[in-house]
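Take a look at the letters that make up each chain.
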Amino acid sequence: MINLSPIQQTFSTYNALQSKKLQSPQKFFVQPDKDVFISSPKISFKGAQDSDPNSETVAWYDKNAKKYFEETKDFSMQDKYPLFLKYVPSGGKVLDAGCGSGRDSKAFADMGYDVTAIEASEELAKLAAEHSGVNVVNTTFDKFSSDERFDGIWACASLLHVPKKDFEKSFINLTDHLKPGGVMYAYLKAGDTEETDAKGRFFNYVSPDEIKSIISKYNDLEIIELPEIQENTIR
């Protein structure tokens, strides 16, 4: 395992960013809310439409929720799970940040993890809750707030929808919900621009230097895996 410290920053070849919570956590943007979570596998709502920085993207997922759900619910991510779960204790608490169809939430729950999910699209959140059987909170990354702390946060192809102006706040708000020693997996698109695709979905392309710059500001975080950017890939 390659640890990345401020002194020695060596890239691994894994196609994932791992951000680890250190043992002396500081608090940033945390606004505890005991009412976020519910006791049954249903959806709860936190007004995502009012707070989402890119409402057109959320609107696209709302409008196309059923089609997107069918296209992604069975797509295999089995090769990516070990990169994340090797840092999460058996049966630990996992937050699926931007759960989409609920595919990964269901996979983690089936493996015995205690899973909660968040999703900005209200329509996708409903489908994800039904499919996965876990608690799905309809909210955005920057507005999510809970007294719960997690052993691991899975942010797979979700933070890439957050504009650069809001990215650090969203990123750090998520890591503030980690237990000391917890880990966040973020699967992003590499680059340094922002664009809206032909479907009307917003994308933020993030460079390794941007991630390192954010992490360097917070003494309770370290990068433990960061990919080299391979040819012919944007992830």
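This report concerns the structure included in the present document. (Residues numbered from 1 in each chain as written. Predicted model: local features only at pLDDT ≥ 70, side-chain atom pairs only at ≥ 80, totals over all residues. Heavy atoms only, no water.)

What follows deals with the overall build of the protein chain. Helix and strand counts for the protein chain stand at 8 helices and 10 strands. Of all 235 residues assigned to the protein chain, the portion counted as buried reaches 54%. Pairs at least 24 apart in sequence give 74% of the contacts found in the protein chain among residues at least 6 apart. Within the structure as shown, the protein chain displays about 11100 Å² of accessible surface, and the carbon and sulfur contribution to it stands at 48%. (Helix = DSSP H or I, 4+ residues; strand = E, 2+ residues; numbered from the N terminus. Buried < 20%, exposed > 50% of the residue type's maximum accessible area, 1.4 Å probe, protein only. Contact = heavy atoms within 4.5 Å. Areas by Shrake-Rupley, 256 points an atom, 1.4 Å probe, with all protein chains shown as cover.)

So, on to the pattern of salt bridges. Per the stated rule, a full pass over the model turns up 15 salt bridges. With a shortest N-O distance of 2.9 Å, Asp-114 and Lys-93 are connected by a salt bridge. Remark: Lys-93 occurs in strand 3 (residues 93-97) and Asp-114 occurs in strand 4 (residues 114-118); sequence separation between them is 21 residues. When its relative accessible area of 25% is taken as the criterion, Lys-93 is described as partly exposed. (Salt bridge = Lys/Arg side-chain N within 4 Å of Asp/Glu carboxyl O.)

Here we come to the nonpolar core. Residues Ile-118, Ile-153, Leu-159, Phe-167, Phe-171 and Leu-174 are the most contacted members of the largest nonpolar core, which totals 27 residues. Counting residues per element, the ones that place at least two in this core are strand 3, strand 6 (150-156), helix 7 (164-175), strand 7 (178-187), helix 8 (208-215) and strand 10 (221-225). Per element, the largest residue contribution to this core is 4 residues, and it comes from helix 7. Excluding residues that lie within four positions of it along the chain, Phe-167 makes contacts with Leu-159, Val-162, Leu-188, Asn-204, Val-206, Ile-211 and Ile-214. Membership of the second largest hydrophobic core comes to 24 residues, among which are Leu-85, Phe-108, Val-134 and Trp-154. (Core = buried A, V, L, I, M, F, W, Y, C linked by side-chain atoms within 4.5 Å.)

Attention shifts here to the packing of helix 3 (residues 65-72) against helix 6 (residues 122-132). Look at helix 3 against helix 6: their axes get within 9 Å of each other, and the N-to-C directions meet at 40°. Considering their axes alone, helix 3 and helix 6 lie oblique with respect to each other. Here helix 3 and helix 6 pass one another in a crossing that is right-handed. When helix 3 is examined against helix 6, the residues Ala-65, Lys-66, Tyr-68 and Phe-69 are found in contact with a partner set consisting of Glu-123, Leu-124, Leu-127 and His-131. Residues of the contact of helix 3 with helix 6, tallied by class, amount to 5 nonpolar, 1 polar and 2 charged. (Axes fitted to C-alpha atoms, helices over the stretch in contact; angles between N-to-C directions. Parallel < 35°, antiparallel > 145°, perpendicular 65-115°, else oblique. Left-handed = near helix turned anticlockwise from the far one by under 90°. Nonpolar A, V, L, I, M, F, W, Y, C, P; charged D, E, K, R; others polar.)

A few words on the pairing of strand 7. Taking burial as the measure, the 10 residues of strand 7 include 7 buried ones, the bulk of the element. Strand direction decides the pairing type here: strand 6 and strand 7, joined by 6 bridges, are parallel. Looking across to strand 7, one finds that Trp-154 is bridged to Tyr-185. Read as a crossover between parallel neighbours, the route from strand 6 over helix 7 to strand 7 is right-handed. (Pairing = 2+ DSSP bridges. Right-handed = clockwise from strand over helix to strand, strands pointing away.)

Before going further, it helps to spend a moment on the packing of aromatic side chains. All told, the structure shown has 12 aromatic pairs when counted by the stated rule. An angle of 50° between the planes, with centres 5.7 Å apart, marks the rings of Phe-84 and Phe-108 as tilted. Residue Phe-84 is located in helix 4 (residues 81-85), and its partner Phe-108 is located in helix 5 (residues 103-110); the two are separated by 24 residues in the primary sequence. Residue Phe-84 is classed as buried on the basis of its relative accessible area of 0%. (Phe/Tyr/Trp six-rings, centres within 6.5 Å; stacked < 30°, edge-to-face > 60°.)

Taken across its 5 residues, strand 4 has 4 buried, putting it largely inside the fold. Bridge count between strand 3 and strand 4: 5 bridges; the pairing is parallel. Within the sheet, the bridge partner assigned to Asp-96 lies in strand 4 and is Ala-117. With helix 5 bridging strand 3 and its parallel neighbour strand 4, the resulting β-α-β unit is right-handed. In terms of strand pairing, strand 4 meets strand 5 (residues 135-138) through 3 bridges, oriented parallel. Looking at the pairing, Ile-118 lines up with Val-137 of strand 5. At this point the chain moves from strand 4, through helix 6, to the parallel strand 5, and the crossover so formed is right-handed.

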